[in-house]
Amino acid sequence: MAFQKAVKGTILVGGGALASVLGLSQFAHYRRKQVNLAYVEAAECVSEPVNREPPSREAQLLTLQNTSEFDILVIGGGATGCGCALDAVTRGLKTALVERDDFSSGTSSRSTKLIHGGVRYLQKAIMKLDIEQYRMVKEALHERANLLEIAPHLSAPLPIMLPIYKWWQLPYYWIGIKLYDLVAGSNCLKSSYVLSKSRALEHFPMLQKDKLVGAIVYYDGQHNDARMNLAIALTAARYGAATANYMEVVSLLKKTDPQTGKERVSGARCKDVLTGQEFDVRAKCVINATGPFTDTVRKMDDKNATAICQPSAGVHIVMPGYYSPESMGLLDPATSDGRVIFFLPWQKMTIAGTTDTPTDVTPHPIPSEEDINFILNEV
């Protein structure tokens, strides 16, 4: 088998995981861009881990320094980067991965902790007759089922309650949620159902009682994204990938392609953030999986490169656990500005969010007072 579509003369752009966060997240919207592609052939697939235990960081650094050339160098230790590394190394490719901070320290650990197809996206697909939105929901529901199957220790079905305050909304939302179940097909977790006003208040006694008609409960998945990211990184290391955190790429290495006479990326100059030591890591292919920092790495290759990333901030706040029962979340589908807000149980606390506003790219983003106040006002 071959790990195909490796990059030649440019950098393959991979995104960070889908985002919104405990605190704040930055995530990227990408425009499609044509690249020159080459092929890196794998000798054979690797079916068994090379290492019983993942090597120490010191051993990984020695491998990075002493290997003359890797097949693949992945920049970024989030969900996308670690996924690329695991995919490559299990295809028999000599693989390296470096991460400036810690694994899953960015967007990949800052989500709403849900794995869902997106009820709101399905609504848009139906209202606007958008086949692409429908396909996205269908694929996401398939991936939800996949995660629940392969990582049951990190994922679980979660009932989410949708409070209804107008009688006409009850059949409207009921039909929409039933369509969500229908689209999931055999991957439907559990069938949705209607709750009376009294039963809804038993689950969420802090709900506004005035005009409450009842509620609809549907099922989605909840997922520990940070632990999953780390599990993928550890698995890649066990299969032989040289993975190192706190390794910052300070510049890209280039060499002249003998066939075209043009310069192409051939690795990266890396700096150990903990010790300050610098060394070169050479590779036939470099994958840029740095999420919101995509353009920073792209401009190391070409200073005149046009930005393709539009960073956006999604804020969550952590509230006391009594705002939600341990085994059920709540969805507010119509906030004052038309956005959706979730209230979800997480590690004996409650996550409330999210927002979606343009932002600057920073290593350690901070939520704005405006975003925090918006969520609190909606609560």
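Above this text you will find the structure in question.
Residues numbered from 1 in each chain as written. Predicted model: local features only at pLDDT ≥ 70, side-chain atom pairs only at ≥ 80, totals over all residues. Heavy atoms only, no water.

**Student:** Explain the side chain of arginine 264 here, please?
**Tutor:** Secondary-structure assignment places arginine 264 in strand β13 (residues 263-272). Residue classification places arginine 264 among the buried residues on the basis of a relative accessible area of 16%. (Helix = DSSP H or I, 4+ residues; strand = E, 2+ residues; numbered from the N terminus. Buried < 20%, exposed > 50% of the residue type's maximum accessible area, 1.4 Å probe, protein only.)

**Student:** I keep staring at the pattern of salt bridges and nothing clicks. Help me out?
**Tutor:** If charged atoms from side chains of opposite charge come close, those side chains can pair. Taken as a whole, this structure holds 13 salt bridges when the rule is applied. Note that aspartate 87 is salt-bridged to arginine 91, the shortest N-O span being 2.4 Å. You can call aspartate 87 partly exposed: its relative accessible area is 30%. Judged by its relative accessible area of 23%, arginine 91 is partly exposed. Each of Arg269, Glu278 and Asp280 takes part in a single network of salt bridges with overlapping partners. (Salt bridge = Lys/Arg side-chain N within 4 Å of Asp/Glu carboxyl O.)

**Student:** When you look at helix α2 (residues 79-89) in this model, what are you seeing that I'm missing?
**Tutor:** Residue pairs spaced three or four apart in an α-helix point in one direction, given the helix's 3.6 residues per turn. The complete set of buried residues in α2 reads Gly81, Cys82, Cys84, Ala85, Ala88 and Val89. When α2 is viewed along its axis, its buried side chains cluster within an angular range of 155° and face the same direction. (Arc of directions from axis to C-beta.)

**Student:** Whenever I open this one, the state of the cysteines confuses me. Can you help?
**Tutor:** Linking two cysteines covalently through their sulfur atoms gives a disulfide. Applying the stated criterion across every chain, the model contains 0 disulfides. No disulfide involves cysteine 285; its nearest neighbouring cysteine sulfur is the one of cysteine 84, lying 9.1 Å away. The exposure class of cysteine 285 is buried, given its relative accessible area of 1%. (Disulfide = S-S within 2.5 Å.)

**Student:** I tried to follow the environment of methionine 136 on my own but got confused; where do I start?
**Tutor:** For methionine 136, the location among the structural elements is in helix α4 (residues 131-150). Accessibility expressed as a relative area gives 37% for methionine 136, which makes it partly exposed. Counting along the chain gives 15 residues from methionine 136 to tyrosine 121, while the straight-line C-alpha distance between them is 8.2 Å.

**Student:** Can you help me understand the packing of aromatic side chains in this one?
**Tutor:** Aromatic rings in a pair are described by how distant their centres are and how their planes are angled relative to each other. Within this structure, the stated rule accounts for 4 aromatic pairs. Pairing tyrosine 172 with tyrosine 173 gives two aromatic rings, centres 5.2 Å apart and planes at 70°, and the pair type is edge-to-face. A ring pair is formed by tyrosine 180 and tyrosine 218, whose centres lie 5.9 Å apart and whose planes are at 85°; its orientation type is edge-to-face. Here tyrosine 218 lies in strand β10 (residues 214-223) and tyrosine 180 lies in helix α5 (residues 169-184), a separation of 38 residues in the sequence. Here a set of aromatic residues connected by ring pairs shows up, and it is made of Trp168, Tyr172 and Tyr173. Over the face of the ring belonging to phenylalanine 293 we find arginine 100, whose NZ or CZ atom lies 4.6 Å from the ring centre. (Phe/Tyr/Trp six-rings, centres within 6.5 Å; stacked < 30°, edge-to-face > 60°. Lys NZ or Arg CZ within 6 Å of the ring centre and 35° of its normal.)

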